[in-house]
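One-letter residues, chain by chain:
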Amino acid sequence: FPAELATGLCSLNPHVDRLVQSCLMEIDRRGQVVRYELHDGVIHSNERMTYTDVNAILTDRDAGVRTKYAPLVPLFEQMHELFGILNHRRHRRGSIDFDLKEPEIILDDQGMVEQIVALERNVAHRIIEEFMLVANETVAQHLDENGVPSLFRIHEDPDPLKVEEFEQFIATLGYSLAAPKGAVKPRHFQKLVERMRGTPQEKPIAFLMLRRMQKARYDPSNMGHLGLAAESYTHFTSPIRRYPDLIVHRTLRESRQRSMSEDRREELTDEL
C-alpha cells in the first residue's frame, strides 16, 4: 500500500481508534481452535510495544522494563504460554521451521547501505508470527468450509524428481529424508531440519531444500500449504499491508454480511 495508508490510516498507532476485521479464537491446551468468531470492530492500541521491549520482559526479565509496563506483563506472559502451545501443535503435525535469518539492511544518514546484518528473531517475533499463522489458518478454513470465493496462499508438493535429486545429494553427506519413494510428507523435511540443527551443513542444505520446493503462491483454489502442514491457509492478517490481504477481507466481509448467490460466487471466482 502507499505510505499514506501503510503508515497512516492503516497503522496501529497508540491511543487511536482503528477499524478492523477481527478473528476471535478460543484455543484449548492442545492448541486446537475450539471456537471462533469473525467481527467488524474497533481496535484501540494502549502502547506501541517493540519486539526488543517485549523480549526484555519475557526473556531477559529486565526489572526496569517490567516495571514500566507492569499492567501488561501478565498479558505478555499469557501470550508467551499460548505461543508455546501453538508452536508445539504445529510441530506435531509436521510444519517445517527453517529458522533461517533474514537479512536486515542498515542505512546511513544519506540513505546509503551501511551494512547488512542477520535479522535476529527473538521470542516476541515468534509470538506474533504464531498468532498470525493461527488466525490466517482459521479464516482460510472458514472461507473453504463455507464455499466463499477468495485467495488462498498455497504451497504445493515438490516435484518427485527434484526430491529424488535432493535425496541423492544429501546421502553423500550422511543424511536422508527417510521417506518412502513418492510419498514424502512435510514431517520428513521437518525431521531432516532437526537432525541438521547446529551442524555446518544446516544452512546450505536448508537453502537447497527450499530451492527444491515449489514456491508458495496465491490461488483461488485451496490446495493446502506443504511448508506449514496446513490444509487451509490464506493471508488474512496484514502486518505489511499487502493487497491480497485486502481481497481476503473484502470477500470475507461480503460473505458475513449477506448470503452469496450462486451467480455472485461465479462472478467472484472469475475475478479472482
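Glancing now at the overall build of the protein. Per the secondary structure count, the protein includes 10 helices and six strands. Dimensions of the protein, computed from the C-alpha atoms along their principal axes, are close to 60 × 60 × 45 Å. Across the 272 residues in the protein, those meeting the buried criterion constitute 35%. By sequence separation, contacts in the protein at least 24 residues apart represent 64% of the contacts at least 6 residues apart. Accessible surface for the protein amounts to roughly 16400 Å². Of this, 53% is attributable to carbon and sulfur atoms. Between the centroid of the 36 positive side chains of the protein and the centroid of its 43 negative side chains there is a distance of 4 Å.

As a further point, take the nonpolar core. Leu177, Leu192 and Met209 are the most contacted members of the largest nonpolar core, which has 17 residues in total. At the level of secondary structure, the elements contributing two or more residues to this core comprise helix H6 (160-171), helix H7 (186-196) and helix H8 (202-212). It is H7 that contributes the most residues to this core, four residues altogether. Those residues in contact with leucine 192, other than ones at most four positions away along the chain, are Phe166, Ile170, Tyr175, Ser176, Leu177 and Met209. Membership of the second largest hydrophobic core comes to 13 residues, among which are Val139, Ala140, Leu143 and Phe236.

Before going further, it helps to spend a moment on the layout of surface pockets. Of the volumes computed, that of the second largest pocket is approximately 550 Å³. What lines the second largest pocket is a set of 29 residues, among which Pro158, Gly182, Ala183, Val184 and Lys185 lie closest to the centre. Listed by contribution, the elements that provide at least two residues to the lining of the second largest pocket are H6 and H7. Among the elements that take part in the lining of the second largest pocket, H6 stands out by supplying five residues, more than any other. Residues belonging to the lining of the second largest pocket are distributed by class as follows: 15 nonpolar, five polar and nine charged.

Time to look at the environment of arginine 61. Positionally, arginine 61 belongs in the loop between helix H2 (51-60) and helix H3 (63-68). Taking the C-alpha atoms as reference points, arginine 61 and alanine 216, separated by 155 residues in sequence, lie 37 Å from one another. When residues no more than four places from it in sequence are discounted, the contact partners of arginine 61 are Ala56, Arg66 and Glu77.

Turning next to the pairing of strand S4 (residues 113-118). Judged by how many residues are buried, S4 sits mostly at the surface: zero of six residues are covered. Across five bridges, strand S3 (residues 103-107) lies against S4 in antiparallel orientation. The residue bridging proline 103 from the neighbouring strand is alanine 118, located in S4. Turn length for the S3-S4 hairpin, with the two strands adjacent in sequence and antiparallel, is five residues, and the turn residue glycine 111 shows positive phi of about 85°.

Calculation rules
Residues numbered from 1 in each chain as written. Predicted model: local features only at pLDDT ≥ 70, side-chain atom pairs only at ≥ 80, totals over all residues. Heavy atoms only, no water. Helix = DSSP H or I, 4+ residues; strand = E, 2+ residues; numbered from the N terminus. Buried < 20%, exposed > 50% of the residue type's maximum accessible area, 1.4 Å probe, protein only. Contact = heavy atoms within 4.5 Å. Areas by Shrake-Rupley, 256 points an atom, 1.4 Å probe, with all protein chains shown as cover. Lys, Arg positive; Asp, Glu negative; His and termini not counted. Charge placed at Lys NZ, Arg CZ, Asp CG, Glu CD. Core = buried A, V, L, I, M, F, W, Y, C linked by side-chain atoms within 4.5 Å. 1 Å grid on protein atoms, 1.4 Å probe; cavity = no way out; pocket = protein on both sides within 12 Å on 5 of 7 lines; lining within 4 Å. Points joined across faces, edges and corners; volume = space filled by probe spheres on them. Nonpolar A, V, L, I, M, F, W, Y, C, P; charged D, E, K, R; others polar. Pairing = 2+ DSSP bridges.

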